[in-house]
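# Per-entry structural report
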Amino acid sequence: MQWNESLVDKMKAGDQEALEQCYRQLSPLIYTAIFNICRDQGNANDLLQDTFIAAFEKIHSYTSGSQLFPAWIKRIAFNHTFNFLKKHKLTVIGIENENQVTSTEFSIEMLHEQHNFLSALLLKISEKERLIIWLYVVEQYSHEEIGNIVKKSPSYSKSVVSRCLKKLRAKQEIKNYAY
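This text gives an overview of the structure that appears in the document.

### Details of the pattern of salt bridges
Scanning the model with the defined rule gives two salt bridges in all. In this structure, the salt-bridge partner of arginine 75 is glutamate 145, at a minimum N-O distance of 3.3 Å. Taken together, the residues arginine 75 in helix α4 (residues 69-88) and glutamate 145 in helix α7 (residues 143-149) connect sequence positions 70 residues apart. Judged by its relative accessible area of 29%, glutamate 145 is partly exposed. Of the charged contacts, one joins glutamate 129 and lysine 167 as a salt bridge, the two residues approaching to 3.1 Å between their closest N and O atoms. One end of the pair, glutamate 129, is in helix α6 (residues 127-138); the other, lysine 167, is in helix α8 (residues 154-170), with 38 residues separating them in the sequence.

Here it is in C-alpha cells:
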C-alpha cells in the first residue's frame, strides 16, 4: 500500500470518497495493530471504528510534514486501545499471529511453540508493561513517543522497558529456552 498524502486535503474538505478510500487503505493496518494488543476481535473492531471516527473528527488538527497520516492515525489507535484497556482492566498480549510470519527456515510447529512461549512470558508482566514493550520493540516507537501515549515521561518508558526485560531474562523458562 502506497499512502497518498493528498487524500488528507480532500478529507479536510469533506470529500466522502477520500474518507472511504482512507478507511479501505488504512483499516487493515490499524486493525492489526489494535488486535495485536487487545487480542479480541470484537473489541478490536469497536476500537477500529472509534479510531477512525476520532481521526475524522480531528482531521483539521493534523498537519502534514510533522509525520505521515498513517502514523498519526496509528497513534490515535494506540491511545484509544490503551484507554480502553485501562478503563476495562483488560490484558494486553501483543503477539503477532504466527500465520503472518513467513520464513522458510522455521517450521509451523516451531512458530507455534515460539508463539505460545512468548504469550506465556508476556502474561507474566502487567498490561502497561506489555503495551510499552509492544510499542518499543515491535512498533519501534521512541521512548518520548511512548511517554506521550501513556502520559508519562520518556524516562518512565525507558525504566519500564529496562525493568521488564530484566524481569523476563530472570525467568527460568527463558534460561531453559535460550540456553
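### Topic: the nonpolar core
Ranked by internal contacts, the top residues of the largest apolar core, which has 48 residues, are Met11 and Phe69. Sorting elements by how many residues they give to this core places helix α2 (residues 16-38) first, with eleven residues. In contact with phenylalanine 69, other than residues within four places in its own chain, are Trp3, Glu5, Val8, Met11, Cys22, Leu26, Ile59 and Tyr62.

### Quick word on the environment of alanine 13
Counting through the fold element by element, alanine 13 comes out in the loop between α1 (6-12) and α2. A relative accessible area of 67% means that alanine 13 is categorised as exposed. Considering only alpha carbons, one finds alanine 13 and isoleucine 59, 46 residues apart in sequence, at a separation of 9.9 Å.

### A closer look at the packing of aromatic side chains
Inspection of the entire model under this criterion finds seven aromatic pairs. When the ring of tyrosine 31 is compared with that of phenylalanine 35, the centres are 5.9 Å apart and the planes differ by 10°; the resulting orientation is stacked. Within this pair, tyrosine 31 and its partner phenylalanine 35 are both found in helix α2, separated by four residues, close to a single helical turn. Summarising the burial analysis for this pair, tyrosine 31 and phenylalanine 35 share the class buried. Measuring from ring centre to ring centre gives 5.3 Å for tyrosine 62 and phenylalanine 69, while their planes differ by 90°; the resulting arrangement is edge-to-face.

### Some words on α6
Taking 1.5 Å as the rise per residue, α6 with twelve residues should run 16 Å; its terminal C-alpha atoms sit 16 Å apart, in good agreement. What α6 keeps buried is the set Glu129, Arg130, Leu131, Ile132, Ile133, Trp134 and Leu135. At the exit of α6 stands glutamine 140, carrying a positive phi of roughly 55°.

### Some thoughts on the packing of α2 against helix α3 (residues 41-57)
Orientation of α2 relative to α3, taken along the N-to-C sense of each, is 135°, at an axis distance of 9 Å. By the angle between their axes, α2 is oblique relative to α3. By crossing handedness, the relation of α2 to α3 is classed as right-handed. Residue-level contacts link Leu19, Cys22, Tyr23, Leu26, Ser27, Ile30, Tyr31, Ile34, Phe35 and Cys38 of α2 to Gln41, Asn43, Ala44, Asn45, Leu47, Leu48, Gln49, Thr51, Phe52 and Phe56 of α3.

### Description of the environment of asparagine 79
In this fold, asparagine 79 is placed in helix α4. Classification of asparagine 79 by relative accessible area gives partly exposed; the value is 24%. The spacing of asparagine 79 and valine 150 is 71 residues in sequence and 7.8 Å in space, taken between C-alpha atoms.

Conventions we followed
- Residues numbered from 1 in each chain as written.
- Predicted model: local features only at pLDDT ≥ 70, side-chain atom pairs only at ≥ 80, totals over all residues.
- Heavy atoms only, no water.
- Salt bridge = Lys/Arg side-chain N within 4 Å of Asp/Glu carboxyl O.
- Helix = DSSP H or I, 4+ residues; strand = E, 2+ residues; numbered from the N terminus.
- Buried < 20%, exposed > 50% of the residue type's maximum accessible area, 1.4 Å probe, protein only.
- Core = buried A, V, L, I, M, F, W, Y, C linked by side-chain atoms within 4.5 Å.
- Contact = heavy atoms within 4.5 Å.
- Phe/Tyr/Trp six-rings, centres within 6.5 Å; stacked < 30°, edge-to-face > 60°.
- Expected span 1.5 Å × (residues − 1).
- Axes fitted to C-alpha atoms, helices over the stretch in contact; angles between N-to-C directions.
- Parallel < 35°, antiparallel > 145°, perpendicular 65-115°, else oblique.
- Left-handed = near helix turned anticlockwise from the far one by under 90°.

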